[in-house]
Amino acid sequence: MRTTIGYTIESIGYVIGAQGVVSFASQIFFGTEWGWLHKVADLPSTAYLGIVAVGLALVVAGMRTRKAPVPRNLA
């Protein structure tokens, strides 16, 4: 179960982080809106960096959950 949850959290983190990067880069370098985050909320460019940080935090949490040792029953 931990493996499944770890991969799921990690996958969600990758998607959120990628959307944050795409949205930030499109506003800063091209002056347009890419990705789907701008359809959810109208955020300033720097807020997208926070979304990238949230994505990275989810990836790290997923990796730690996935790599956590499974307790053995010593009955």
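What counts and how
Residues numbered from 1 in each chain as written. Predicted model: local features only at pLDDT ≥ 70, side-chain atom pairs only at ≥ 80, totals over all residues. Heavy atoms only, no water. Helix = DSSP H or I, 4+ residues; strand = E, 2+ residues; numbered from the N terminus. Buried < 20%, exposed > 50% of the residue type's maximum accessible area, 1.4 Å probe, protein only. Contact = heavy atoms within 4.5 Å. Areas by Shrake-Rupley, 256 points an atom, 1.4 Å probe, with all protein chains shown as cover. Polar contact = N/O pair within 3.5 Å; in protein donor to acceptor, adjacent residues only side chain to side chain. Patch = residues over 30% accessible without salt bridge, like charges linked within 9 Å, V, L, I, M, F, W, Y side chains within 5 Å. Salt bridge = Lys/Arg side-chain N within 4 Å of Asp/Glu carboxyl O. pLDDT = per-residue confidence, 0-100.

A word on the overall build of the protein. Each helix and strand counted, the protein has three helices and zero strands in total. From first element to last, N terminus to C terminus, the protein shows the α and β order α-α-α. A total of 75 residues make up the protein; the buried ones form 23% of that total. Long-range contacts, defined as pairs at least 24 residues apart, comprise 58% of the intrachain contacts of the protein with a sequence gap of at least 6. Carbon and sulfur atoms make up 69% of the accessible area of the protein, which totals about 5300 Å².

Here His38 shows up in helix α2 (residues 37–40). Here the alpha-carbon distance between His38 and Ser23, two residues 15 residues apart in the chain, equals 7.5 Å. Polar contacts involving the side chain of His38 include one to the main-chain carbonyl oxygen of Gly35, which spans 3.2 Å.

With respect to the secondary-structure elements, Ser26 resides in helix α1 (residues 2–30). In this view, Ser26 contacts Gly31, Thr32, Glu33 and Trp34; residues no more than four positions away in its chain are not counted.

Let's shift gears to a nonpolar patch on the surface. Residues Val22, Ile28, Phe29, Phe30 and Trp34 make up a contiguous nonpolar surface patch of roughly 520 Å² in combined accessible area. With respect to the element layout, Phe29 can be found in helix α1.

Attention now goes to the environment of Trp36. By secondary structure assignment, the location of Trp36 is in the loop between α1 and α2. Its relative accessible area of 40% is what places Trp36 among the partly exposed residues. Distance in space between the C-alpha atoms of Trp36 and Val22 is 9.5 Å, their sequence separation being 14 residues. The contact partners of Trp36, leaving out residues within four places of it in the chain, are Val15 and Gln19.

Tracing the backbone shows Glu10 in helix α1. For Glu10, a relative accessible area of 8% puts it in the buried group. Among residues more than four places away in sequence, those in contact with Glu10 are Leu58, Val59, Gly62, Met63 and Arg66.

The pLDDT averaged across the protein works out to 85; a share of 85% of its residues lies at or above 70. At the low end of the mean pLDDT range in the protein sits α2, at 83; at the high end sits helix α3 (residues 45–67), at 90.

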